[in-house]
Amino acid sequence: EDILAAKEMYIARHYLKKEKWIAAINRLKFVLEKYETTMYVEEALHRLVEIHYKIGLEEEAKKYAKTLGYNYQSSEWYKQSYKIFNKDYSPKKRKAQKDKEKKLLDKIKSFF
């Protein structure tokens, strides 16, 4: 099943490059329906989020993003899907902001 799912994902990625959205969506949905136990489900969900967001169907994209988040919250695909909706999100930026805040608090504490 993994090999068949990989082939479907390969074809779906080809359609993505060619901007054939409907064909890519159909392939990705096929992966979700027929190969739901394979490791390609995460990527298929992410790609569905990506495509639906590009073509302006944000509610549909959010639906797939919620499914991805519910089932695979710690995956890299979920993080990439989150970035689609929140362009400013970056774990590095977030860590740098926390470090900056900590340094500021340390400076304030040093006065007392």
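This text follows the structure it describes.
Every chain is numbered independently, its residues counted from 1 as its sequence is written. Note on the predicted model: pLDDT of at least 70 is required for a residue's local features to be given, and 80 or more for side-chain atom pairs to be given and counted; whole-chain, interface and lining totals, by contrast, use all residues. Values reported for side chains reflect all heavy atoms of the structure, with hydrogen atoms and water molecules removed beforehand.

Glancing now at helix α4 (residues 58-71). The end-to-end C-alpha distance of α4 is 20 Å, a good match for the 20 Å that 14 residues give at a rise of 1.5 Å each. Of all the residues in α4, the buried ones are Ala61, Tyr64, Ala65, Leu68 and Gly69. Projection of α4 onto a plane perpendicular to its axis shows the buried side chains occupying an angular sector of 140 degrees, all on one side. Away from its buried face by more than 90 degrees, α4 exposes Glu59, Lys66 and Tyr70. Where α4 is buried, its residues contact α2 (21-34), α3 (41-54) and α5 (76-85). The helix count covers DSSP runs of H or I at least four residues long, the strand count covers runs of E at least two residues long, and both are numbered beginning at the N terminus. Between the first and last residue of a helix there are one fewer steps than residues, each counted as 1.5 Å, and that sum is the expected span. Throughout this description, buried means an accessible area under 20% of the type-specific maximum (1.4 Å probe, protein chains only), exposed means over 50%, and partly exposed covers the range between. The reported arc concerns the directions from the helix axis to the C-beta atoms and nothing else. Two residues form a contact once any of their heavy atoms are found within 4.5 Å.

Positive phi values are uncommon outside glycine, yet Glu19 reaches one of about 60 degrees. Locating Glu19 in the fold gives a position in the loop between α1 (2-17) and α2. Residue Glu19 is classed as exposed on the basis of its relative accessible area, which comes to 54%.

Whenever a carboxyl oxygen of Asp or Glu lies within 4 Å of a side-chain nitrogen of Lys or Arg, that contact is scored as a salt bridge. Throughout the structure, instances matching the rule amount to five salt bridges. Put simply, Arg27 and Glu8 hold a salt bridge, and the shortest N to O gap is 2.9 Å. Separated by 19 residues along the polypeptide, Arg27 in helix α2 and Glu8 in helix α1 bring together distant segments of the chain. Arg13 serves as the salt-bridge partner of Glu43, at 2.8 Å between the closest nitrogen and oxygen. With a gap of 30 residues between them, Glu43 in helix α3 and Arg13 in helix α1 connect regions that are remote in the sequence.

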